[in-house]
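Structure at a glance
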Amino acid sequence: QVQLVESGGGLVQAGGSLRLSCAASGGTFSRYAMGWFRQAPGKEREFVAHITRSGGSTYYGDSVKGRFTISRDNAENMAYLQMNSLKPEDTAVYYCAASPGITTWSSSYNYWGQGTQVTVSS
């Protein structure tokens, strides 16, 4: 059983940056692909990015490609989401999640954090 805890959210102006962190415990972190998802009020949960177990491959949703970077540190059991050039439409609760396989489908992720709020003001 893997427990995930996100941190690093907050309020930032448009064009600014934030770095989200996801701390994992209770399992073998390197056995899981990691993903970031987000959910804005009244909208469905949206895929943001994922990274393979080794960290050797990443994939991004179209709305964040070129602005966000996902990474991981298996020695520290951490995953990260660096968010640059933030836009008001990036405002959402951001979740990290762990999956045994690499996928963009949220239903395939077994473990989820509680989420961290990101608010981008215009």
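Residues numbered from 1 in each chain as written. Predicted model: local features only at pLDDT ≥ 70, side-chain atom pairs only at ≥ 80, totals over all residues. Heavy atoms only, no water.

**Thoughts on the overall build of the protein chain**
What counts is decided by this rule: Strands here are runs of E lasting at least two residues and helices are runs of H or I lasting at least four, both read from the DSSP assignment and numbered beginning at the N terminus. Computation of the radius of gyration draws on C-alpha atoms alone. For the globule rule, the value is 2.2 Å times the number of residues to the power 0.38. Throughout, exposure labels follow a simple rule: accessible area from a 1.4 Å probe, protein chains only, divided by the maximum for the residue type, with under 20% read as buried, over 50% as exposed, and the rest as partly exposed. Residues count as neighbours in contact if any of their non-hydrogen atoms are within 4.5 Å of one another. In this description, accessible areas are obtained by the Shrake-Rupley approach with a 1.4 Å probe, and a residue is regarded as covered only by the protein chains that are shown.
A count of helical and extended segments in the protein chain gives 0 helices and 11 strands. Reading the protein chain from its N end, one meets helices and strands in the order β-β-β-β-β-β-β-β-β-β-β. A compact globule built from 122 residues should have a C-alpha radius of gyration of about 14 Å, and the protein chain, at 13 Å, falls within 12% of that. Projecting the C-alpha coordinates of the protein chain onto the three principal axes gives extents of approximately 40 × 25 × 25 Å. The buried share among the 122 residues of the protein chain stands at 44%. Taking the intrachain contacts of the protein chain between residues at least 6 apart in sequence as the baseline, contacts between residues at least 24 apart amount to 57%. If you sum the accessible surface of the protein chain, you get close to 6,100 Å²; carbon and sulfur atoms cover 46% of it.

**Remarks on the environment of S121**
Take S121: it is sitting in strand 11 (residues 116–121). Each C-alpha atom, one on S121 and one on A14, is 5.7 Å from the other, the two residues being 107 residues apart in sequence. The residues touching S121, leaving out its near neighbours within four places in the chain, are L11, V12, Q13 and A14.

**Quick look at the packing of aromatic side chains**
The condition is simple: Any two of the Phe, Tyr and Trp rings considered here, Trp counted by its six-membered ring, make a pair once their centres fall within 6.5 Å; the pair's planes then place it as stacked at under 30 degrees, edge-to-face at over 60, or tilted in between. A positively charged side chain is recorded as over a ring if its NZ (Lys) or CZ (Arg) lies within 6 Å of the ring centre. The angle to the ring normal must also be within 35 degrees.
Per the stated rule, a full pass over the model turns up 7 aromatic pairs. Where F37 meets Y109, the ring centres are 5.1 Å apart and the plane angle is 80°; that geometry is what we call edge-to-face. One end of the pair, F37, is in strand 4 (residues 33–39); the other, Y109, is in the loop between strand 9 (92–99) and strand 10 (111–112), with 72 residues separating them in the sequence. Ring plane angle 75° and centroid distance 6.3 Å describe the contact between Y95 and W112, whose orientation is recorded as edge-to-face. Here the residue Y95 occupies a position in strand 9, and W112 occupies one in strand 10, the gap between them amounting to 17 residues. Among the aromatic residues, those joined into a cluster by ring pairs are F37, F47, Y59, Y95, Y109 and W112. In this structure, R45 is placed above the aromatic ring of Y95, and the distance from its NZ or CZ to the ring centre is 4.2 Å. Over the ring of W112 we find R45, and its NZ or CZ is 4.5 Å from the ring centre.

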